[in-house]
Each structure stands twice: as structure tokens, then as C-alpha cells.
Amino acid sequence: MDRGQETTVALEVPALFEERDYHFAVGSQMRSARVAPADPLLVVNSISMSSTGGVAEALPVSVQIQNMGSNVLEEELVLYQDKNALASKRVTLAPGERDTVVLKVSFASPGKYAVTAGSLSTSISINPIWIDANSNGSIDTDEKTFTEFEQALAAAKSGDIIMVNPGHFYVDVSALPIVVDKSNLTIRSAEGHDKTIIEAVDANEEAYEDHALFQIAADGVTLEGFTMRLGVYNVYVEKANDVLIRNNFFDTSRRYHIYMVNASNVTIAQNRSRVGRYNFLTTDGCSDCLIEGNYHFEDPCGYMLTNSHGNTIRGNHFDSLSWYGVTLRFANDNIIEDNYFERGRI
């Protein structure tokens, strides 16, 4: 800046609820300024709601708000979906006051929706499970939609694709296990395991397969793209062939992430796991299975194959396991190749 030139400098100060004097230095000289607080200002600090719901269901939305001004605020708090107002409530806040306001919204059609208050938003999937009749990965008007896996599986027929929109799905112990007993079904998340979480509630490890998260009891089933948590077994496969378990994240289990009994031609590929109670995979009497390209971090153990023959374990990454990577018991003609063991035991 040239000598003698004037300029204006803006100073940012904290939110004020009463007048205050601010002192600041300009070169070697001190200056003072009296700063008045702003007019009433409604600020949304957070917004939250369930990640899933049903058509026409009254869904509560919790909004935390604050008056950042100096005068009493009286204003309409409005929830929007796109530019459409969903719900509103008149709020009154003293200067600096915080409050949590609960409003209810509903949606007439299945799909994904963003709900906005102020500058913040959250999302919800309505009737998030559907039978994808034309295999296009989106909900069409003539397709059947559901809120629960049990409903979708009851309505599905052999060969159907069951798609699942993002959300956190809690499966009560009374609904365990989710039984897949129709052949050639595909159960797939629409947007991958990062956004689609299925969690067992209050599973008892002494209930074994009765409290598995998924129980696969039919041939040709595909399970793809989910985060699975806290089942005694997150996937239990019994007397089923040609099963594909792919691109899932197994995030904690009560016993094993996957337990298979008398199964054949099962492919377990491109999955990630952490923090199982015991092994990631335990098999008994299984043959001709492919376990390939999986990554396991901080599981106690990797794979235990018992009375299981002719299987291939290839290209898996075992990182920081507490105990063994692969154990064979009474198991013959198995191929174990190109696996990587890091910071743990083989």
C-alpha cells in the first residue's frame, strides 16, 4: 500500500449476544471499536433422522438450532425436499439459546430423498428393498418395494434380483436369521457396502446358526455389496452350491464371519473383514470352493478348513491377525497360492 493511501479492513469477531468493545493494534498505535451484535439469526447445527422408512410413514426429523443474534428470534423452521416444503414449525429463541426441534415428514413413493434444514441435509431411503424386475438398478413404478428383507424374500421367486438402497438396517433377534431358501436369487446393494449396513441386534453366540445374520440354504445365491455386523455368523451356508459372496465388508461378528457346512462351488471374493470373534471363514465338508482376493485386518484368525477338499485359496491378504492365516484339518488336495501375510502368523 502506498504512503498516504487509505484502505478498509474487515475484522471477523465471534458471535455476539451483547455490545462489546474490541481493541486492536494498527502499527504501533492502539485503536478501539464498539461492535454491536447481529440481528436474530437462526443457525441449524445438526439434522438427523432414520436412514430408512416406509411409504406414508410419519418419520421424525431432529433438528438442533441456535439463535446467533442478540434479540429474541421468532421464525419459521422449514424442512425441504428439493425446493418443496415438507414440514415447518414456528420457533422462538432467546439470544444465544439452543434447542432441538422434532418435525415429522412422510413420502408417498419409494426412493431416496434428501431432507434439508438451513444449510444441512440428511438422506433417507423409503421402501429401500425392491425386486428389480428389469435389472436396471432403480425402482420403477410397477416394481414391488419393501421395508424388510423378510418381506422381499417371501415375495421373490427363483432367479429374481433383490436390490437394496442405502441405509442402516437393524435386524432384531426375533427376525434372525434372514433365510435365503430360493435358488438363483441375487441380493445386492445399489450403492455398495459403504452405504448399506445390515446389523444384527442382540444375537446370542450360543444360538449358533439360529442367530446368523444371513442363512443361505439354496443353490445359486449371490450376496453382494453389504456391510454385515454382529451376527453369530454373518453368513451361514449349509448344503448349498454355486453361491457367490462378493464385495462385502464383514465388520465384527459374534463367532465367525462366514461358516459353511457341506457346500460346494462357493466363491468368496473381493471381501474385506475386521474383528471377528474367531475365524473369518470356517468350513466343514466343503469342496471345490474358491476363496480369492479378500483382505482381512485384525481378525483373530483367517481360514480353517476341516474335512474340506479340492478348494483354492488364492491372492488373499492377511494383515495383523492375532493367530494363524490358514489351517487345514483332515483336508486334502487344496491349493494355497499367492497369498500375502503381513504382521501376523501364517
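In the block above lies the structure referred to throughout.
A. Here's a closer look at the overall build of the protein chain. The helix and strand tally for the protein chain stands at one helix and 35 strands. Burial status across the protein chain gives 46% buried among its 346 residues. Counted over contacts in the protein chain with a minimum sequence separation of 6, partners at least 24 positions apart contribute 48%. When the accessible surface of the protein chain is summed, it comes to about 17400 Å², and 45% of that surface belongs to carbon and sulfur atoms.

B. Just the packing of aromatic side chains, in detail. Enumeration over the complete set of coordinates arrives at 13 aromatic pairs. The interplanar angle of 85° and the centroid separation of 6.0 Å between the aromatic rings of Phe149 and Phe214 together place this pair among those described as edge-to-face. Placement of the pair is Phe149 in helix 1 (residues 149-155) and Phe214 in strand 18 (residues 214-216), with a sequence separation of 65 residues. In terms of burial, Phe149 and Phe214 fall into one category: buried. Taking 5.5 Å as the distance between ring centres and 70° as the angle between the ring planes, the aromatic pair formed by Tyr256 and Tyr259 counts as edge-to-face. The burial state of Tyr256 is the same as that of Tyr259; both residues are buried. By way of ring pairs, the aromatic residues Tyr233, Tyr236, Tyr256, Tyr259 and Tyr278 are connected into one cluster. The aromatic ring of Phe249 is capped on one face by Arg272, whose charged end is 4.4 Å from the ring centroid.

C. Geometry of the state of the cysteines. In the structure shown here, the tally under the stated rule is zero disulfides. Free of any disulfide, Cys286 has its nearest cysteine sulfur in Cys289, 5.3 Å distant. Relative accessible area serves as the criterion here: at 2%, Cys286 is assigned to the buried category.

D. Spatial organisation of the sheet that holds strand 31 (residues 312-314). Strand order in this open sheet of ten strands is 12-11-13-16-19-22-25-28-31-34, and the pairing throughout is mixed. For this open sheet the edge positions go to strand 12 (145-146) and strand 34 (335-337), each flanked by a neighbour on one side alone.

E. Local environment of the pairing of strand 5 (residues 59-67). Relative to strand 5, strand 3 (residues 42-48) runs antiparallel, the two sharing six bridges. In the sheet register, Val44 faces strand 5, and the bridge partner there is Ile65. Two strands pair when backbone bridges link them, and strand 5 and strand 8 (residues 98-105) are joined in this way by eight bridges, in the antiparallel orientation. Its bridge partner lying in strand 8, Ile65 is registered against Asp99.

F. Representation of the pattern of salt bridges in the model. Counted according to the given criterion, the structure contains 14 salt bridges. Note that Arg229 and Glu199 form a salt bridge whose closest N and O atoms lie 3.6 Å from each other. With Arg229 in strand 20 (residues 227-229) and Glu199 in strand 17 (residues 196-201), this pair connects stretches of sequence that are 30 residues apart. A network of salt bridges, in which partner residues are shared, links Glu199, Arg229, Asp251 and Arg274.

G. Representation of the layout of surface pockets. Computed from the structure, the largest pocket encloses a volume of approximately 390 Å³. As for the largest pocket, its lining consists of 21 residues, of which Thr147, Glu148, Phe149, Glu150 and Tyr170 are closest to the centre. Among the elements of the structure, strand 4 (52-53), helix 1, strand 14 (167-172) and strand 15 (178-180) are those that each provide at least two residues to the lining of the largest pocket. Taken together, the residues of the lining of the largest pocket break down into eleven nonpolar, six polar and four charged. Of the voids in this model, the second largest pocket is the one considered here, and its volume is about 170 Å³.

H. Structural view of the sheet that holds strand 14. Read from one edge to the other, the open sheet built from eight strands follows the order 14-17-20-23-26-29-32-35, with strand pairing classed as parallel. On the outer flanks of this sheet lie strand 14 and strand 35 (340-342), each paired with one strand and no other. Between one strand axis and the next, the sheet turns through 15° on average, direction left out of account. As paired elements, strand 26 (residues 272-274) and strand 29 (residues 295-297) share three bridges and run parallel to each other. Bridge assignment links Arg272 to a residue of strand 29, and that residue is Tyr295.

Conventions adopted
Residues numbered from 1 in each chain as written. Predicted model: local features only at pLDDT ≥ 70, side-chain atom pairs only at ≥ 80, totals over all residues. Heavy atoms only, no water. Helix = DSSP H or I, 4+ residues; strand = E, 2+ residues; numbered from the N terminus. Buried < 20%, exposed > 50% of the residue type's maximum accessible area, 1.4 Å probe, protein only. Contact = heavy atoms within 4.5 Å. Areas by Shrake-Rupley, 256 points an atom, 1.4 Å probe, with all protein chains shown as cover. Phe/Tyr/Trp six-rings, centres within 6.5 Å; stacked < 30°, edge-to-face > 60°. Lys NZ or Arg CZ within 6 Å of the ring centre and 35° of its normal. Disulfide = S-S within 2.5 Å. Pairing = 2+ DSSP bridges. Salt bridge = Lys/Arg side-chain N within 4 Å of Asp/Glu carboxyl O. 1 Å grid on protein atoms, 1.4 Å probe; cavity = no way out; pocket = protein on both sides within 12 Å on 5 of 7 lines; lining within 4 Å. Points joined across faces, edges and corners; volume = space filled by probe spheres on them. Nonpolar A, V, L, I, M, F, W, Y, C, P; charged D, E, K, R; others polar. Axes fitted to C-alpha atoms, helices over the stretch in contact; angles between N-to-C directions.

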